[in-house]
Structure formats: C-alpha cells, structure tokens
Amino acid sequence: MPSACFVRSSLAALLLGASALPAMAIQLSPHRATYAVSLDASKSGTRINGAEGRIVYEMRGSACAGYSVQLRQDTQLATEGGRVNSAVSTATWEDGDGKSYRFRVSNRINGETTEEADGVAERKDGALTVKATKPEPQTVTLGENVLLPTQHVLRLIGSAESGEAIVEAPVFDGSPDAKKVYDTLAVIGRETRDAKGLEEAATAGDLAGRARFPVTISYYERGGSNETPDYVISFDMFDNGVSRKLKLDYGEFALNGTLISYESLPKEECAK
C-alpha cells in the first residue's frame, strides 16, 4: 500500500480514530507486487516527454510479528533537458501496535544520492518521537495522533469497509528528512468486486474476487502555506492491503503504475 514515502519515492501503502477497526480484525496479506511505470498522458503542458520504469513493493509480517516493507522504484524520465534516472529505495519495520518504527530511505538521481533518511520512532503516552542518524543526528517529537504507514493502511481499510468516505490523518513515514509530517486527506469510493478490466495479476491467487475500493489521497506538508497538495496518489485498494491502478500526481506531471505481477508470500501466524 502506497504511503508518503511510496509517493515521493514513490514514488512508496492505517487504527486511530473512532471509525477504525481493531488491528486484528484486518488481515494484511504478505505479498510482492511489481508495477510498470509510465507517463500519464492525460496531464498536458509538462516538460516531461516520457517515462518508464518499475516499482517493486514487498510486505511481510503480521500484527503480532510486526510489518516489514521494502520498496524499490527505478524510473527513467525523458525531459527537455535530457534523460533523468531516479532510483528510490525504502526499508521499514513497524510493530503491530504502531508504537515502534524503523526506517531507511534513499533517493538517487543520475547515480548521486539526493535524499537519505535513517532512524527510529517510538510512541510513548501517545506522542511519537523520532531519533534519526541521517540526514543528520537529531531527536524530534512529532506529537500525538500521528499515524505510521501501516497504521494508515489499516485505518483506510477499516474506514472503507464501514462506508466512511473521508479520512483525515497526519502521517509520518521517515521521508524525506526523518522529521516531516504530512496531513493527508483520503477520499474513498464504493466497494466493487467486478473483475471487468482488471489486469491478469489483479485476479490471481488470493486477489480473485476480493473487495476493493478506489482511493485518492492528497498529501499536504504540515505547517506549509500551500492550499494545494504537495502531491496526490490514487489507487484501487483491496481489502487485504494490496494496491493496483496507481496514479502518482506530482503537480507538473503524473505517473501511472500498472500491476504486472503479484505473488502472495507466506503468512506469519500469531501465537495463540
């Protein structure tokens, strides 16, 4: 499930709030998904002439073991000034209660590292405190009610299943500087199970016949002055946390992510 890190890097997939279901009620499926990246031709007037690449997203774990996510996005952009190669990688671990989080984020442009973040976050008495080693050693308290990425995914699924159409939540994932919080606004559409038009990968294995919901999330930098979002991501969200039909809108241009392969990974059962 895409998150802020997934979008930036993303380009890079929620329990607080009265409408959220308990963590154990929602079963996220460990999986590996690969997306083909292309330029969204419907967004005109940009300096980007073409795009191609791959996103590989892998999630493992469970509510009791914690969730580990690895994402790799390699994108080649054809611009008016020449070809730009972007390589983003993230590795995170989040415990099932959203009280502990480890993250490592790297963004390289044409082979040079432009962004790097590394650290841990701990929640105590509701407040989330981040201790980072990169981009510089620092300790930052982000306050209460800030969701971590998997918390945000669970929150979205719970809201979708209960028919809630609007979800607002502050989210921290570590990118790009180990201290930034994004205020997010998610709009969730109605459930569907219609397989018409789905990619073959989206009908394979445990995705076959699953409920899914169209979701659009706008990301606003907390404390920023812009009334328009920093970026917007939209996708179809299955009720087990898998996503398809990605659209990553950066304002000046947008990218599409088409699900081309999906593999269910072994589940880690919780001890009784």
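Residues numbered from 1 in each chain as written. Predicted model: local features only at pLDDT ≥ 70, side-chain atom pairs only at ≥ 80, totals over all residues. Heavy atoms only, no water.

1. With respect to the nonpolar core
Then comes step 1: The biggest cluster of nonpolar side chains holds 44 residues, and the ones touching the most others in it are Leu 28, Leu 156, Ile 217 and Met 237.
Then comes step 2: By size, the runner-up hydrophobic cluster in this structure holds 14 residues, among which are Phe 103, Ala 121, Leu 148 and Ala 178. (Core = buried A, V, L, I, M, F, W, Y, C linked by side-chain atoms within 4.5 Å. Buried < 20%, exposed > 50% of the residue type's maximum accessible area, 1.4 Å probe, protein only.)

2. Regarding the packing of aromatic side chains
Then comes step 1: Under the counting rule described, the total for this entry stands at seven aromatic pairs.
Then comes step 2: Taking the centre distance of 5.7 Å and the plane angle of 85 degrees together, the rings of Phe 103 and Phe 172 count as edge-to-face. One end of the pair, Phe 103, is in strand β5 (residues 100–109); the other, Phe 172, is in the loop between β9 (166–171) and β10 (182–188), with 69 residues separating them in the sequence. This pair shows no difference in class: Phe 103 is buried, exactly as Phe 172 is.
Then comes step 3: Measuring from centroid to centroid gives 6.1 Å for Tyr 182 and Tyr 219, while their planes differ by 85 degrees, and the two rings are edge-to-face. A residue pair is termed long-range when its members are at least 10 positions apart, and Tyr 182 in strand β10 and Tyr 219 in strand β11 (residues 212–221) qualify at 37 residues.
Then comes step 4: Tyr 219 sits in the buried class, given a relative accessible area of 0%. (Phe/Tyr/Trp six-rings, centres within 6.5 Å; stacked < 30°, edge-to-face > 60°. Helix = DSSP H or I, 4+ residues; strand = E, 2+ residues; numbered from the N terminus.)

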